[in-house]
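Chain by chain, the residues run as shown.
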Amino acid sequence: MPRNIKIASLLTGKYCDQEVCARGWVRTRRDSKGLSFINLNDGSNQAGIQIVAEAGLENYGEALKLNVGASVEVLGKLVPSPAKGQPYEIQAKALRIFGNASGEEYPLQKKGHTLEFLREIAHLRPRTNTFGSVFRVRNTLAHAVHTFFQERGFMYVHTPIITASDAEGAGEMFRVTTLDLDRPPRTETGVVDFSHDFFGREVSLTVSGQLEGEIFATAFSEVYTFGPTFRAENSNTSRHLAEFWMVEPEMAFYDLGDTIDLAEAFLKYLISRCLEDRAEDLAFLQKYYNKELTTTLDHIVHSPFQRVSYTDAVEILEKSGQSFELPVSWGTDLHSEHERFLTEQHFKSPVVVVDYPREIKAFYMRQNDDDRTVAAMDVLFPKLGEVLGGSQREERYDRLLARLKELNLNEKNYWWYLDLRRFGTVPHAGFGLGLERFVQFVTGMGNIRDVIPFPRVPKNASF
RNA sequence: UCCCCAGUAGCUCAGUCGGUAGAGCAGAUGGCUGUUAACCAUCUUGUCCGUGGUUCGAGUCCGCGCUGGGGAGCCA
């Protein structure tokens, strides 16, 4: 008797008229006289499978007491369903109940719940239709990230979570310490003495794996990191998390154009995989959360990404005749409304803006010959704005050192980063993609807290 | 961090002029020969976010706090 076949596989019809076993959790139960219909879901798909239990079952009495949330195993014959609503169903011959769920106490009902309520029961929300779809899409995206890079010969490098470096000299970091917070050791001048801390120095949770990624790119040529990152910013928005996942490829011998080509292929691949492999989930999400979801995703896959320099983009915005909430002028960063105008109104496709003013970008970005811009790029999507950002890195030792000094960054903290430019330096580049923001885009979910299993935000780290 | 809004049954909400709280859904029980968030009948359910104040009397008015949501800034 076949076991361990997921419900999604059973519904392909491959096992029709065979004895099968399904295990999962009850989503709904409806009964008529002498007959009970159970919808069983094991997380492998959106629809679940219909179990038909008849009065002849040995434990039919118990079956009638099954509540939403109960865990069961069913043995029976997989047959085409005579009724509308599902292609196949299982005629139960034996039903094993692992654990019932109290109808009075189980918080999930056979009706819609608000996303805010479900956030409070993050241990149960994966069992809902919405979160089932969201997390299957998230998984498909994560898998596709690895597939995309591995197929191109990129090495997956595990950059550290605990780090002594600060990737951009900006952004609040979470300190990691084992010091006694009530009575920390202090130096003679009274400041906390981290030489007595676990690592003998101040360390924090990483805000980016990029700098360490560059180390490996200068040995393995093409690498990527994919892991959690942490920002202690007090941001209370639907687009920020204190803990989120980033994908950061880093490539030796790439210039900015090569990197844009890679980013475009990467984003299109990720979306294509979801459209192909998660059609049922996207259809569900489209129905309940974003009516234009698949249209938008299809559009991205089939549009060539337009490329425009920051300087030209500012000129387009200035000449557009649009009245923006915030003014546009050369030297300031583009705001969301500007990005959306470019991608939605002007180009009507994804846009890659390149060569930003050096003053608004990070120290490690490669300075262009005009001495006022750097080889940076942002990919803008309709309705979203910036989805991915990257740059060619400054590989010239003197230029990098001068830039560090210009920004009053302590070069001693970057000694190993500078060494990469002293020994066998090469042109190289990379980009970063915030996974959750992208999952938001692909699923149509409005709040980033609903696309990560256990969101960490200011004032809340439940579960 | 700033601005705005909200917090009443397990969930979603109503609650008039300040007079001690109600509906739908869920749940329980019974019915129904194939149901699709099944349907029909009956029944149960409250720290009105917390705290201080005004008042004869506060779910309702006022102050403070907590939590949640939307927007802004920052960013991914």
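Residues numbered from 1 in each chain as written. Chains lettered and ligands numbered in written order. Predicted model: local features only at pLDDT ≥ 70, side-chain atom pairs only at ≥ 80, totals over all residues. Heavy atoms only, no water.

1. What about the overall build of chain A?
No. 1: Scanning chain A for helices and strands turns up 13 helices and 16 strands.
No. 2: If one aligns the C-alpha atoms of chain A with their principal axes, the spans along those axes are about 85 × 60 × 45 Å.
No. 3: Per-residue burial over chain A gives 51% buried out of 463 residues.
No. 4: Long-range contacts, defined here as pairs at least 24 residues apart, represent 67% of the contacts in chain A between residues at least 6 apart.
No. 5: Approximately 22,400 Å² of chain A is accessible, and the part contributed by carbon and sulfur atoms is 50%.
No. 6: Mean positive and mean negative side-chain charge positions of chain A (53 and 63 charges, respectively) differ by 7 Å. (Helix = DSSP H or I, 4+ residues; strand = E, 2+ residues; numbered from the N terminus. Buried < 20%, exposed > 50% of the residue type's maximum accessible area, 1.4 Å probe, protein only. Contact = heavy atoms within 4.5 Å. Areas by Shrake-Rupley, 256 points an atom, 1.4 Å probe, with all protein chains shown as cover. Lys, Arg positive; Asp, Glu negative; His and termini not counted. Charge placed at Lys NZ, Arg CZ, Asp CG, Glu CD.)

2. Structural notes on the confidence of the model for chain A
No. 1: Per-residue confidence for chain A gives a mean pLDDT of 92; residues scoring 70 or more make up 98%.
No. 2: When mean pLDDT is taken per element in chain A, strand E6 (residues 155–156) scores highest with 98 and helix H10 (residues 336–346) scores lowest with 88. (pLDDT = per-residue confidence, 0-100.)

3. Notes on the packing of aromatic side chains
No. 1: On inspection of all chains with the given rule, the structure shows 23 aromatic pairs.
No. 2: Measuring from centroid to centroid gives 5.0 Å for Phe149 and Phe154, while their planes differ by 45 degrees, and the two rings are tilted.
No. 3: By relative accessible area, which is 0% here, Phe149 ends up buried.
No. 4: Three or more aromatic residues joined by ring pairs form one cluster here, namely Phe148, Phe149, Phe154, Tyr156, Tyr224, Phe266, Tyr269 and Phe431. (Phe/Tyr/Trp six-rings, centres within 6.5 Å; stacked < 30°, edge-to-face > 60°.)

4. Notes on a nonpolar patch on the surface
No. 1: A cluster of nonpolar side chains, Met155, Ile215, Phe216 and Phe220, forms an exposed patch at the surface whose accessible area comes to about 300 Å².
No. 2: Mapped onto the elements, Phe216 comes out in helix H5 (residues 210–220). (Patch = residues over 30% accessible without salt bridge, like charges linked within 9 Å, V, L, I, M, F, W, Y side chains within 5 Å. Salt bridge = Lys/Arg side-chain N within 4 Å of Asp/Glu carboxyl O.)

5. Quick notes on the packing of H5 against helix H12 (residues 415–422)
No. 1: Two elements in contact, H5 and H12, have axes whose closest approach is 11 Å; the angle formed by their N-to-C orientations is 30 degrees. Relative to H12, H5 is oriented roughly parallel. Crossing handedness for the pair H5 and H12: left-handed. Between H5 and H12, the contacting residues are Gln210, Leu211, Glu212, Glu214, Ile215 and Thr218 on the first element and Trp416, Tyr417, Leu420 and Arg421 on the second.
No. 2: Residue composition of the contact of H5 with H12, by class: five nonpolar, two polar and three charged. (Axes fitted to C-alpha atoms, helices over the stretch in contact; angles between N-to-C directions. Parallel < 35°, antiparallel > 145°, perpendicular 65-115°, else oblique. Left-handed = near helix turned anticlockwise from the far one by under 90°. Nonpolar A, V, L, I, M, F, W, Y, C, P; charged D, E, K, R; others polar.)

6. What to know about the protein's contact with RNA strand B
No. 1: Near RNA strand B, the surroundings consist of 45 residues, among which Lys84, Lys111, Arg119, Thr237 and Arg437 are the closest.
No. 2: A share of 48% is what sugar and phosphate atoms reach among the atoms of RNA strand B within 4 Å of the protein.
No. 3: In this structure, Thr114 approaches RNA strand B through a side-chain N or O atom, which is 2.9 Å from a phosphate oxygen.
No. 4: Elements that contribute at least two residues to the surface near RNA strand B include exactly strand E1 (19–32), strand E2 (35–41) and helix H3 (115–120).
No. 5: The element contributing the most residues to the surface near RNA strand B is E1, with four residues.
No. 6: Counted by class, the surface near RNA strand B contains eight nonpolar, 21 polar and 16 charged residues. (Near = heavy atom within 4 Å. Polar contact = N/O pair within 3.5 Å; in protein donor to acceptor, adjacent residues only side chain to side chain.)

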